[in-house]
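# A closer look at the structure
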Amino acid sequence: MAAPRPPRSDATAEEVARTAAAAADWAALAAAATPCVACLELAATRQHVVVGDPPARGRARFALVGEAPGATEDTTGRPFVGKSGQLLDVLLAEAGLDRAEAAVLNVVKCRPPGNRTPKTPEVARCSGWLRRQLELLDPPVVVALGLSSAKWFLGPRTVLGEARGRPHDVDGRAVWATYHPSAAIRFGPNGAPRAGLLADLTSVAASLR
């Protein structure tokens, strides 16, 4: 089936959501999202739209959802392949989780300039892509990495320290909010974010057994 027409320049969130909803499968969604220019500033400065990775094998047992691509991700077009992704892979393995069984996604698909936090209109425009990805892949468990991702799932008043450590039922999925691996890097190997992230991933692994 042909991919839906990509959103026009400066398209509204509703237009992007309609385009995403029309994608019948992952390939069609990726084809429509890759040339997206709905966010003019992001489209002007990015190298790649980082659509995300479906699981390498089988159905997604869980999804990892971050904030937005960083510099390495923008260069390669792949999610979580820079320093944060390398640490995430280490902690996933320590927790007993296999990245090959995960969908790896971001709330916003283009790198914000200077790695700034995505703006509210950018998150709104990009939300349709993530919503459709979750519908297509249907992971029973989602790990929201960092505050921006946690707020996307749990609401704008979410406080990460209060939300983490337990699953939240969101649209029939168990959503675990935890630290972003970049915070674990920033606070160092003995910092609270790394320990908290590992503890939460270990809890996720236990819930999947």
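Each chain has its residues counted from 1, running along the sequence as written. The predicted origin of the model limits local features to residues at a pLDDT of at least 70 and limits the giving and counting of side-chain atom pairs to 80 or more, whereas totals for whole chains, interfaces and linings rest on all residues. Heavy atoms from the whole structure form the basis of all side-chain values; hydrogens and water molecules are not counted.

The name that an unreviewed UniProt entry assigns to the protein is Type-4 uracil-DNA glycosylase, with the source organism given as Geodermatophilus saharensis. Annotation of the protein in UniProt includes, under Sequence similarities (unreviewed entry), the sentence "Belongs to the uracil-DNA glycosylase (UDG) superfamily. Type 4 (UDGa) family." UniProt positions are given in the numbering used here, feature names are shortened, and annotations may be inferred rather than shown by experiment.

### Thoughts on the overall build of the protein
Helix and strand counts for the protein stand at 10 helices and five strands. With respect to the principal axes defined by its C-alpha atoms, the protein has extents near 45 × 35 × 30 Å. Taking all 209 residues of the protein together, 50% fall into the buried category. Taking the intrachain contacts of the protein between residues at least 6 apart in sequence as the baseline, contacts between residues at least 24 apart amount to 73%. Here the Shrake-Rupley method, with its probe set to 1.4 Å, supplies the accessible areas, and only the displayed protein chains count as covering residues. Summed over its atoms, the accessible surface of the protein is roughly 9,500 Å², and 53% of this surface lies on carbon and sulfur atoms. His is not counted, nor are the chain ends, whereas Lys and Arg count as positive and Asp and Glu as negative. For this purpose, a charge sits on NZ of Lys, CZ of Arg, CG of Asp or CD of Glu. Across the protein, the 25 positively charged side chains and the 20 negatively charged ones have centroids separated by 2 Å. The secondary structure listing takes helices from DSSP runs of H or I that are at least 4 residues long and strands from runs of E that are at least 2 residues long, numbered from the N terminus. Only protein chains enter the area calculation, which uses a 1.4 Å probe; residues under 20% of their type maximum are buried, those over 50% are exposed, and those in between are partly exposed. Whether two residues are in contact is decided by their heavy atoms: any pair within 4.5 Å suffices.

### Brief notes about the UniProt feature "domain: Uracil-DNA glycosylase-like" (unreviewed entry) in the protein
UniProt annotation of "domain: Uracil-DNA glycosylase-like" (unreviewed entry) refers to residues 51-202 when read in the numbering used here. When the span residues 51-202 is considered, its composition is 44% helix and 16% strand, and the gap between its end C-alpha atoms is 27 Å.

### Focus on the pattern of salt bridges
Take a side-chain nitrogen of Lys or Arg and a carboxyl oxygen of Asp or Glu: if they are within 4 Å of each other, that pair is a salt bridge. Within the structure shown, the criterion is met by 13 salt bridges. With its nearest N and O atoms 3.0 Å apart, the salt bridge here joins Arg 116 to Glu 41. With Arg 116 in the loop between β2 (102-106) and α6 (120-137) and Glu 41 in helix α3 (residues 40-45), this residue pair connects regions lying 75 residues apart in the sequence.

### A closer look at the nonpolar core
Here, nonpolar core means buried Ala, Val, Leu, Ile, Met, Phe, Trp, Tyr and Cys residues that are tied together by side-chain atoms lying within 4.5 Å of each other. With 35 residues, the main nonpolar core has Val 51, Val 65, Leu 105, Trp 129, Val 142 and Phe 153 as its most contacted residues. Where this core is concerned, the elements lending two or more residues are α1 (13-21), α2 (26-33), β1 (62-66), β2, α6 and β3 (141-145). If one sorts the elements of this core by residue count, α2 sits on top with six residues. Ignoring sequence-local partners within four residues, the contact set of Val 142 consists of Ala 63, Val 65, Leu 134, Phe 153, Arg 173, Ala 174, Val 175 and Trp 176.

### What about the packing of α2 against α6?
With axes taken as lines fitted to C-alpha atoms, and helix axes fitted only over the stretch in contact, angles between N-to-C directions fall between 0 and 180 degrees. Where α2 contacts α6, the axes come no closer than 10 Å and their chain directions differ by 165°. What the angle tells us is that α2 and α6 run roughly antiparallel. Note that α2 runs across α6; the crossing there is left-handed. Mapping the contact onto sequence places Trp 26, Leu 29, Ala 32 and Ala 33 in α2 and Trp 129, Arg 132, Gln 133, Leu 136 and Leu 137 in α6. Small angles under 35 degrees read as roughly parallel and large ones over 145 as roughly antiparallel, with 65 to 115 read as roughly perpendicular and the rest as oblique. Left-handed describes a crossing whose near helix is turned anticlockwise from the far helix through less than a right angle; right-handed describes the clockwise counterpart.

### What to know about the pairing of β1
With five of five residues buried, β1 is to be regarded as a mostly interior element. Side chains Phe 62, Leu 64 and Gly 66 of β1 all project onto a buried face; the interleaved residues Ala 63 and Val 65 project onto the opposite face, where all are buried too. Any two strands are treated as partners once DSSP identifies two or more bridges connecting them. Two strands pair when backbone bridges link them, and β1 and β2 are joined in this way by five bridges, in the parallel orientation. Each bridged residue has a counterpart across the sheet, and for Phe 62 the counterpart in β2 is Ala 102. Bridge analysis of β1 against β3 gives three bridges, and the strand direction is parallel. Paired with Val 65 across the two strands is Ala 144, which belongs to β3.

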